[in-house]
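Structure assessment
Below are the chains, spelled out letter by letter.
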Amino acid sequence: MNKTDVLNKALILLGQGVIVEPSAEVIINKVYDNVKERLLRSHPWSCALKDYVLDHVNDVPPFKFKYMFVIPSDCLRVIANFQENTIAVRKGRYLYSDEPVLKFVGISNIEEAFMSSEVISLLSYDLAIETCMAYTSDKNLKEQLRTEREIMLARAKMNDVKESSETEVEYNCGWGLR
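Sequence order sets the numbering: in each chain, residues are counted from 1 along the sequence as written. Reporting of local features is limited, given that this is a predicted model, to residues whose pLDDT is at least 70; pairs of side-chain atoms are given and counted only at 80 or more, and all residues count toward the totals for whole chains, interfaces and linings. To obtain the side-chain values, all non-hydrogen atoms of the structure were used and water was disregarded.

**Digging into helix H3 (residues 117-135)**
In this description a helix means any DSSP run of H or I spanning at least four residues, a strand means any run of E spanning at least two, and both kinds are numbered starting from the N terminus. Residue count minus one, scaled by 1.5 Å, sets the expected span of a helix. Here H3 is 19 residues long and its end C-alpha atoms lie 25 Å apart, about the 27 Å a rise of 1.5 Å per residue gives. The quantity called bend is, for any residue, the angle between two axes fitted respectively to the seven residues ending at it and the seven beginning at it. Approximately 35° is the largest bend angle found in H3, and it occurs at isoleucine 129. Only protein chains enter the accessibility calculation, which uses a 1.4 Å probe; a residue is then buried when its area is under 20% of its type maximum, exposed when over 50%, and partly exposed in between. Buried residues dominate H3, accounting for 14 of its 19 residues. Where H3 terminates, the next one or two residues include serine 137, which has phi positive at roughly 55°.

Written out as structure tokens, the structure is:
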């Protein structure tokens, strides 16, 4: 999956024709990045989780902490599960802590190729909902898309939780040794 595929799925939901180049469709392309980031930030999707290890910058923090860290540009959201006994505070694009190295899990602004099929579908629906009035002026279609999206969101979250939970996988081979 790539950006063009996602845009085409959204356009099909709106009853529009497909495109070959993303830049060919100005309206939906204008909102794409914001809609994608909003979706990824909305839930800790397992496909978008990333482990970050940050070294402190040399600047002295302006208040009580010893170290300052720059949040990487691909990190859309810091999930507060730092290493044990670590306190960190986020302010803007910085994290502050008394630890010289900071480890955390964050939501990364991943490429479409790494998104799960459910996140791709949700992104397509979100794009269709966001641009529905510009393309169709059909309030009923927009409401129908919202309703379908809510059902899809509940399923996607349930599957994501199942997929990312810590469970032991047991493999039983039916082949016997001779």
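Okay, back to it.
**As for unusual backbone geometry**
The backbone phi angle of serine 137 is positive, close to 55°, even though this residue is not glycine. If you trace the backbone, serine 137 turns up in the loop between H3 and helix H4 (139-164). Looking at serine 137, the relative accessible area reads 56%, which means it is exposed.

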